[in-house]
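Observations on chain architecture
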Amino acid sequence: RMVNKHKEYLVRVEATPCWEFDTPVVSSITGGVDEGYTVEATAVKELGEESGYIIADVDLKKLGTCYGAKSCDTIYSLFTCDLTNVKKTEPLKVETKLEESSYCKWIPVEDICDIKDPLVHVMFTRMQKY
């Protein structure tokens, strides 16, 4: 989103067992594709559930796909969208114990370098086209 002519990026702060089980870390907003959902519908659903921002499939800009790491066979579909004029609603209630301490926050571009999640860096690099 744009705030006072500066871009801010929405990230997720959550306990991530593979990195820091007891300490929330900054990461990307993610979710698995449930049966009956498209990848785009899943992205819209997860954004709404985790952040409270409700958008439509047509608001998404595709950033392509990537692997989490060269030793990982999971393929991630990446998207971005402009939330500058999107009103925030309440995120959905938490589903798991780990999600109780999770939240989304806006960060300036200079904070991206400190994030450990490789998906954030891939998405940020690809967003430079927009």
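Scroll up to find the structure this text is about.
The next point concerns the overall build of the chain. Within the chain, the secondary structure is distributed over two helices and six strands. If you list the helices and strands of the chain from N to C, you get β-β-β-α-β-β-β-α. The C-alpha atoms of the chain give 14 Å as radius of gyration, which agrees with the globular expectation for 130 residues (14 Å, within 12%). Dimensions of the chain, computed from C-alpha atoms along their principal axes, come out at roughly 35 × 30 × 25 Å.

Further remarks concern a nonpolar patch on the surface. Side chains of Val33, Tyr37 and Val39 sit close together on the surface and give an oily, nonpolar patch of about 240 Å² of accessible area. Within the secondary structure layout, Tyr37 lies in the loop between strand E3 (20-27) and helix H1 (39-51). Taking the relative accessible area as the measure of exposure, Tyr37 reaches 40% and is therefore partly exposed.

Counted according to the given criterion, the structure contains seven salt bridges. The salt bridge involving Arg1 is made with Glu8; its shortest N-O contact spans 2.8 Å. In this structure, Lys45 and Glu49 form a salt bridge, with 3.7 Å as the shortest nitrogen-oxygen distance. Here Glu49 and Lys45 lie together in helix H1, a separation of four residues that amounts to about one turn.

What follows covers the nonpolar core. Of all hydrophobic cores here, the largest spans 13 residues; its most connected members are Tyr9, Leu78, Ile107 and Ile112. Of all elements in the fold, only strand E2 (6-16), strand E4 (61-67) and helix H2 (118-127) reach the threshold of two or more residues within this core. Element by element, the count of residues in this core is highest for H2, at five residues. With residues up to four places along the chain from it excluded, the contact list for Tyr9 reads Lys105, Trp106, Ile107, Val109, Ile112, Phe124, Met127 and Gln128. Counting nine residues, the second largest nonpolar core, distinct from the first, contains Tyr53, Ile55, Phe79 and Leu83.

Cut-offs used in this document
Residues numbered from 1 in each chain as written. Predicted model: local features only at pLDDT ≥ 70, side-chain atom pairs only at ≥ 80, totals over all residues. Heavy atoms only, no water. Helix = DSSP H or I, 4+ residues; strand = E, 2+ residues; numbered from the N terminus. Rg over C-alpha atoms; globule rule 2.2 N^0.38 Å. Patch = residues over 30% accessible without salt bridge, like charges linked within 9 Å, V, L, I, M, F, W, Y side chains within 5 Å. Areas by Shrake-Rupley, 256 points an atom, 1.4 Å probe, with all protein chains shown as cover. Salt bridge = Lys/Arg side-chain N within 4 Å of Asp/Glu carboxyl O. Buried < 20%, exposed > 50% of the residue type's maximum accessible area, 1.4 Å probe, protein only. Core = buried A, V, L, I, M, F, W, Y, C linked by side-chain atoms within 4.5 Å. Contact = heavy atoms within 4.5 Å.

From the geometry alone we can't say anything about function, so treat these as descriptive.
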